[in-house]
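Below are the chains, spelled out letter by letter.
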Amino acid sequence: MQFNHIQTKFLGKNYYYYDEIDSTQEEIWRLYNNNNIKNGTLVSAGIQTAGKGTKGRVWYTNEKNNIAFSFFIKMDCKVEKIQGITIQIAETILEILKKDYQILLEIKPPNDIFYHHKKIGGILTQSKIFSGRVKALVVGIGLNTSQEVFHSEIQDIATSIKKEFSITINSEEFITAFCKKFEEKIIERIED
């Protein structure tokens, strides 16, 4: 997949896709730690073998055609500027699903997306802070769009868009829409 047509200033312009990877979030941090990352870099995967959730939990992406991606935003702003950002990301996801697919989901604060008490998606937000200023934001997003069978640990508490709504989400279209919409919101937040 290539996002050549993406109409953003920076988010998603530098893009890596892997059929299989340990974790999109870990890959972003590897690029960051090697000083080999551009602002707005996005990493997406078909399958994650060691996807990251919050509090050290595993995020299962073991079937293709689900949405799993992470992105990096370089910044230099006060910590207060990114307060509540995870909820804003969740709201952005819900806006796109409602507008483009007529799907109504719920946010379980601070970082989960649910449908009828079952988890459909999650957001992992991490940052690098030096001297009270945020220098880097790394966000991972996982959405169960096509998952039919779930790992035994989560089969009773997780579901997917396909399972609940019989709708297929195009990953490229969704990620493109997300980048455009969220970039506008992040620029508003971090401009001093």
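See the structure printed just above.
Residue positions within a chain follow its written sequence, with the count starting from 1. In keeping with the model being predicted, local features are shown solely for residues with a pLDDT of at least 70 and side-chain atom pairs are shown and tallied solely at 80 or more, while totals for entire chains, interfaces and linings include all residues. Where side-chain values are given, they derive from all heavy atoms of the structure, hydrogens and water being excluded.

(A) Local environment of the pattern of salt bridges. The rule for a salt bridge is simple: a side-chain nitrogen of Lys or Arg has to be within 4 Å of a carboxyl oxygen of Asp or Glu. What the rule picks out here adds up to nine salt bridges. For lysine 181, the salt bridge goes to glutamate 95, with nearest N and O atoms at 3.5 Å. In this pair, lysine 181 sits in helix α4 (residues 171-190) while glutamate 95 sits in helix α2 (residues 85-101), placing the two residues 86 residues apart along the sequence. For the exposure calls, accessible area comes from a 1.4 Å probe over protein chains only, and a residue counts as buried if that area is under 20% of its type's maximum, exposed if over 50%, partly exposed in between. Owing to a relative accessible area of 25%, lysine 181 belongs among the partly exposed residues under this scheme. Glutamate 95 sits in the partly exposed class, given a relative accessible area of 33%. The network of salt bridges with shared partners includes Asp22, Glu27 and Arg30. The secondary structure listing takes helices from DSSP runs of H or I that are at least 4 residues long and strands from runs of E that are at least 2 residues long, numbered from the N terminus.

(B) Spotlight on the pairing of strand β8 (residues 133-143). Of all 11 residues in β8, nine are buried, a share of seventy percent or more. By the convention used here, strands pair only if DSSP detects at least 2 bridges between them. The pairing of strand β4 (residues 67-78) with β8 spans 10 bridges and is antiparallel. Across the sheet, residue isoleucine 67 finds its bridge partner in β8, namely leucine 143. Looking at chain direction, strand β7 (residues 118-130) and β8 are connected through 10 bridges and run antiparallel. Within the sheet, the bridge partner assigned to serine 127 lies in β8 and is leucine 137.

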